[in-house]
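# Architecture at a glance
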Amino acid sequence: MNDDQRSFLVSLVRATGPSGYESGAQEIWRNRVSSVADVHTDSLGSAIASLNPGGSPRVMLEAHIDEIGFQVKYIDDNGFLYFNTIGGFDPATLAGNRVRILGHNGPVNGVIGRKPAHLLAEEDRKANPKIKDMWIDIGARNAEEARNAVSIGDAGGRVHDVTDLLGNFLASNSFDDRVGSYVIAEVLLSIARENPSAAVFAASAVQEEIGLRGAGPAAYSIDAPIGVAVDVTYTSDHPETRKTEVGDIRCGAGPVLTRGAATNPRIFERLVQAAEAAGVPYQVEGNPTGRGTDQYAMYVVRSGMATGLVSIPTRYLHTASEVLSQDDVDAAVALLARFVLDLPEPPDVTP
Ligand SMILES: [Zn+2]
């Protein structure tokens, strides 16, 4: 990752864009790819970048641009905001988080408040915290001040920025799945320099975190026989996880290729060959049902799409500090660029 690529990744994770409110993050992604591709944004908000659209075979690369977040549902008399969650949270990871709400006059900073441990009753200290006992504090002194900045229905996300850890590791909120959006954009930029024979469509899809909503319509409009989704996956390389339960998946050991019902076996073989040709490591995980990522929404579109899934191994998913290795991100870009450039015409995708 060079400095220019790193600042693109940082700008993506800094952009607040929970499911249904992705337009700011999407603008950053569109600006990155528009130098090499024509970009169209559909009515849901998914952006589709087309490179060499008359080529063959047609191939779709996909990642989701939305992040998990918060929506304002009630403003109390003292100016505190009560919220709905957007996507899946462990309530124990929320108190003290910094957030940004996309308000009508611009972004508004806040923190998630909860009764301090000192004041909790003995039994409440032992119990799991509940989201209904938390609020967002934007510093407003009363309801009127709060309403001048935010409205019911406004939404936001965490803002914990990017921190370098040892060994080329990075920590940030919302690597899920801004890192995937980064990967497909950089693959597009990389293969644009090689004059590919394939028609390549990169889709930055919306609303994955609330039920894989944007990827299916994007896949329908692209109408490609082949597609690869790029997302994050959990690892078994930190305490309190077991290889016997989740398999042996580690940060820094290469992108993860998934096998299972949603993955076409010919596409899986080609992804493995692409990793070997690109000289990058890879890991394999099993997912028998194929559920859980946009790959699931893509492979059953129209008459079916031959899909693969490439994931960045990531620790502490859906917390304010998701941790990944830059090496895995660089390897995923190299792997997918090789995959697209080596696709034969016609591609054999019969399982
Ligand atoms: Zn995701």
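Residues numbered from 1 in each chain as written. Predicted model: local features only at pLDDT ≥ 70, side-chain atom pairs only at ≥ 80, totals over all residues.

## Focus on the nonpolar core
- Val183, Leu188 and Leu336 are the most contacted members of the largest nonpolar core, which totals 79 residues.
- Of all the elements, helix H5 (residues 175–192) adds the most residues to this core, at 10 residues.
- With near-sequence residues (within four places) excluded, Val183 lies in contact with Ala63, Val230, Val329, Ala332, Val333 and Leu336. (Core = buried A, V, L, I, M, F, W, Y, C linked by C-beta atoms within 7 Å. Buried ≥ 20, exposed ≤ 12 C-beta atoms within 10 Å, placed from the backbone. Helix = DSSP H or I, 4+ residues; strand = E, 2+ residues; numbered from the N terminus. Contact = placed C-beta atoms within 7 Å.)

## Things to note about the pairing of strand S13 (residues 226–233)
- When you tally the buried positions in S13, you get 8 out of 8 residues, the bulk of the element.
- Sheet topology places strand S3 (residues 58–64) next to S13; 4 bridges connect them, and they run parallel. Across the sheet, residue Val59 finds its bridge partner in S13, namely Ile226.
- Summarising the sheet, S13 and strand S16 (residues 306–313) pair through 8 bridges and their orientation is parallel. Counted as the bridge partner of Thr233 is Pro313 from S16. (Pairing = 2+ DSSP bridges.)

## Side note on the sheet that holds strand S2 (residues 47–51)
- Across the sheet, 8 strands lie side by side as S1-S2-S12-S3-S13-S16-S14-S15; this open sheet has mixed pairing. Each of the sheet's edge strands pairs with one partner strand only, and the pair in question is strand S1 (38–41) and strand S15 (283–286). Neighbour-to-neighbour, the strand axes of the sheet open up by a mean angle of 25 degrees, direction not taken into account.
- Pairing geometry for S2 and strand S12 (residues 199–205), over 5 bridges, is antiparallel. Of the residues in S12, the one forming a bridge with Leu51 is Val200.
- Against the sheet, helix H6 (residues 215–222) contacts S2, S3, S12 and S13, and its axis sits at roughly 160 degrees relative to S12. (Axes fitted to C-alpha atoms, helices over the stretch in contact; angles between N-to-C directions.)

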